[in-house]
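Residues per chain, in single letters:
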Amino acid sequence: MRQFTQHSAGEMIATVQTTHRRLFFSWICTACVAVAGHAAEADHGFIRKTYLGDNGKTFKYVVFVPAHLEPQQKLPVILFLNGWGENGDDGLRQISNNFGSDVWRMRDYFPFLAVCPQCSYVGVWTPGSENAAMAMAVLDAAIEEYGGDSKRVCVTGASVGGAGALALASQYPSRFASVVPVAVGSAGDLKNLAGVGMPIWCFYNSEDEYKLADSARTMRRELLQAGLSPFVTEFNAIGHNAWDSAYGPPALYRWILEHDLDNRNARPFRLIPPVEALREWRPRGSATWVANNDEVTASLAGNSGEAFLTSPPLGSAGEFHFDVFLQKEA
């Protein structure tokens, strides 16, 4: 698994413990998604809705409303865009897989107003399309009806829905506080996303059958070069299904809650080349540090012990992001 971690500014210490430490993560979801059978009577949980477009066409969608909603409380919002396998017009299939199942499992404490439109059978989420317009319209309707906080809206999606999330965030950067693309490669206007300092957390499998990992890694490099440091989690897994691992744990939702339009940081990041890092950072311990392409690695004698690499003073007004690689024993 590959991911970014974030630390506050100050002196940073990169620590490497045995190069073959084994870590296990297990998330089990056995819940089924249930939808309120009588939308008019329901005041929380999944609620079926219908939106009437300007062209007279109706669109079915679902919203999730927290059970602990307090009067005058503005809710953080998640706009979820489904993948190709959940396309349709029944207004329900979009929550039958991945995100919907996890929301239902966490229904007693899930704090978000979740808005879940459904892409048409042969449609896409591309800005300017009927589906994209419908998604933005039902988002506005749900925010108005249920007291959503328009400054705390995250757009996310799985597979082609993840591409749609990046595209909508690029098209409407003032509408979204963060974007979470899952199981998708490069998409959207990366320069525009970097220019506004859009918080991004990408999830994908290293051995996705669609070979999108290379595209996702390219997107990350291009965003870094443009001055934006996205969080990235690359699961050491095969197949296209990165959504169960992404949407299941609470870490993602804590991260989403940290972001709103008022505290967006548009100051550009600077990518530190490995050679520069080894020239300016102080090594301690017996490890041998090597700059290799885009990485800095430490070789530990006997595959045990610790190695430290300490930065020079970084100041007090910034963040430091770095990669962490977790691997199983050989």
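Parameters at a glance
- Residues numbered from 1 in each chain as written.
- Predicted model: local features only at pLDDT ≥ 70, side-chain atom pairs only at ≥ 80, totals over all residues.
- Heavy atoms only, no water.
- Helix = DSSP H or I, 4+ residues; strand = E, 2+ residues; numbered from the N terminus.
- Buried < 20%, exposed > 50% of the residue type's maximum accessible area, 1.4 Å probe, protein only.
- Contact = heavy atoms within 4.5 Å.
- Areas by Shrake-Rupley, 256 points an atom, 1.4 Å probe, with all protein chains shown as cover.
- Patch = residues over 30% accessible without salt bridge, like charges linked within 9 Å, V, L, I, M, F, W, Y side chains within 5 Å.
- Salt bridge = Lys/Arg side-chain N within 4 Å of Asp/Glu carboxyl O.
- Core = buried A, V, L, I, M, F, W, Y, C linked by side-chain atoms within 4.5 Å.
- Pairing = 2+ DSSP bridges.
- Polar contact = N/O pair within 3.5 Å; in protein donor to acceptor, adjacent residues only side chain to side chain.

### Digging into the overall build of the chain
Part 1: Summing up its helical and strand segments, the chain has 8 helices and 15 strands in all.
Part 2: With 330 residues in all, the chain has 45% of them scored as buried.
Part 3: Long-range contacts, defined as pairs at least 24 residues apart, comprise 71% of the intrachain contacts of the chain with a sequence gap of at least 6.
Part 4: Just so you have it, the chain exposes about 16,500 Å², and 51% of that area is on carbon and sulfur atoms.

### Looking at unusual backbone geometry
Part 1: One non-glycine residue with positive phi stands out, namely N98, at about 45°.
Part 2: As for its placement among the helices and strands, N98 is situated in the loop between β5 (75-81) and α1 (99-105).
Part 3: Given the relative accessible area of 3%, N98 is considered buried.
Part 4: We note that A183 has phi near 55°; this positive angle belongs to a residue other than glycine.
Part 5: Judged by relative accessible area, which is 2%, A183 ranks as buried.

### As for a nonpolar patch on the surface
Part 1: On the surface, W84, Y121, V122 and V160 cluster together into a nonpolar patch covering about 480 Å² of accessible area.
Part 2: For W84, the location among the structural elements is in the loop between β5 and α1.

### Digging into the pattern of salt bridges
Side-chain pairs of opposite charge can arise where the charged atoms are in close proximity.
Part 1: In total, this model carries 9 salt bridges according to the counting rule given.
Part 2: One salt bridge connects R217 with D214, and the closest N-O pair in it is separated by 3.1 Å. One end of the pair is R217 and the other is D214, both in helix α5 (residues 213-225) and 3 residues apart, which spans about a single turn.
Part 3: For R217, a relative accessible area of 23% gives the class partly exposed.
Part 4: Sharing partners across several salt bridges, the network here consists of D214, R217 and E234.

### Remarks on the nonpolar core
Part 1: Counting residues in hydrophobic clusters, the biggest one holds 46 residues, and the most contacted among them are V115 and F176.
Part 2: Tallying contributions element by element places helix α2 (residues 130-146) first for this core, with 9 residues.
Part 3: In this view, V115 contacts V62, V63, V77, I78, L79, F80, V138, L139 and A142; residues no more than four positions away in its chain are not counted.
Part 4: V103, F110, C116 and Y253 belong to the second largest nonpolar core, which has 31 residues in total.

### Quick word on the pairing of strand β3 (residues 45-52)
Part 1: Of the strand pairs in this sheet, β3 and strand β4 (residues 58-65) are connected by 8 bridges, and their pairing is antiparallel. Looking across to β4, one finds that I47 is bridged to V63.
Part 2: What sits between the antiparallel neighbours β3 and β4 is a turn of 5 residues, in which G56 has the positive phi angle 85°.

### A short note on the side chain of K49
Part 1: Secondary-structure assignment places K49 in strand β3.
Part 2: Engagement of the side chain of K49 in a polar contact is seen with the side chain of Y146, the distance being 3.3 Å.
Part 3: Excluding anything up to four places from it in sequence, K49 contacts F59, K60, Y61, V63, E145 and Y146.

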